[in-house]
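Results of the structural survey
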Amino acid sequence: MMRWYNKMYLGKSIQGKKMYYQYAIRHTKRLTGTYCLMPAACKDDLIDICGSDLLRVSKQYPKDQLVIGLAGSYREACLLAGEIVLDVLKKTGSTDIRAYLRDSGEDI
């Protein structure tokens, strides 16, 4: 079961269609061209970008993975990841995304 960040970051092509994409990712096996952004599985990294179709079948990601962003293309996902890091840096003075999410009440 995927978890969704309550203040999810959305790419320009996803805005206004968040509920559709959440439903499609959760219930459809293949939704190509859509990317999910998650806190990195490795402690040394900041954000993982994964194709939404891989989240359901990959053993690399735990089933209760927290999705913090959705993008309509890989390029958009990279831009969104930069936006997330800048936002966290402005609010906390650090790039520790996991600590920021924990402080906002999310269970990582």
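Above this note sits the structure.
Residues numbered from 1 in each chain as written. Predicted model: local features only at pLDDT ≥ 70, side-chain atom pairs only at ≥ 80, totals over all residues. Heavy atoms only, no water.

1. Focus on the sheet that holds strand β1 (residues 3-10)
Taken together, four strands build an open sheet; the order of strands is β1-β4-β2-β3 and the sheet is mixed. If you trace the sheet from one side to the other, it starts and ends with β1 and β3 (47-51), each paired once. Each adjacent strand pair in this sheet contributes to an overall mean axis angle of 30°, direction not counted. Packed on one face of the sheet, helix α3 (residues 74-92) meets β1, β2 (35-39), β3 and β4 (66-71) and runs near 155° to β3. (Pairing = 2+ DSSP bridges. Helix = DSSP H or I, 4+ residues; strand = E, 2+ residues; numbered from the N terminus. Axes fitted to C-alpha atoms, helices over the stretch in contact; angles between N-to-C directions. Contact = heavy atoms within 4.5 Å.)

2. Describing the packing of aromatic side chains
If you walk through the whole model with that rule in mind, you get two aromatic pairs. When the centroid spacing of 5.6 Å and the interplanar angle of 70° are considered together, the rings of Y35 and Y74 count as edge-to-face. Taken together, the residues Y35 in strand β2 and Y74 in helix α3 connect sequence positions 39 residues apart. Classification of Y74 by relative accessible area gives partly exposed; the value is 46%. (Phe/Tyr/Trp six-rings, centres within 6.5 Å; stacked < 30°, edge-to-face > 60°. Buried < 20%, exposed > 50% of the residue type's maximum accessible area, 1.4 Å probe, protein only.)

Remember that the coordinates give geometry; whether it matters functionally is a separate question.
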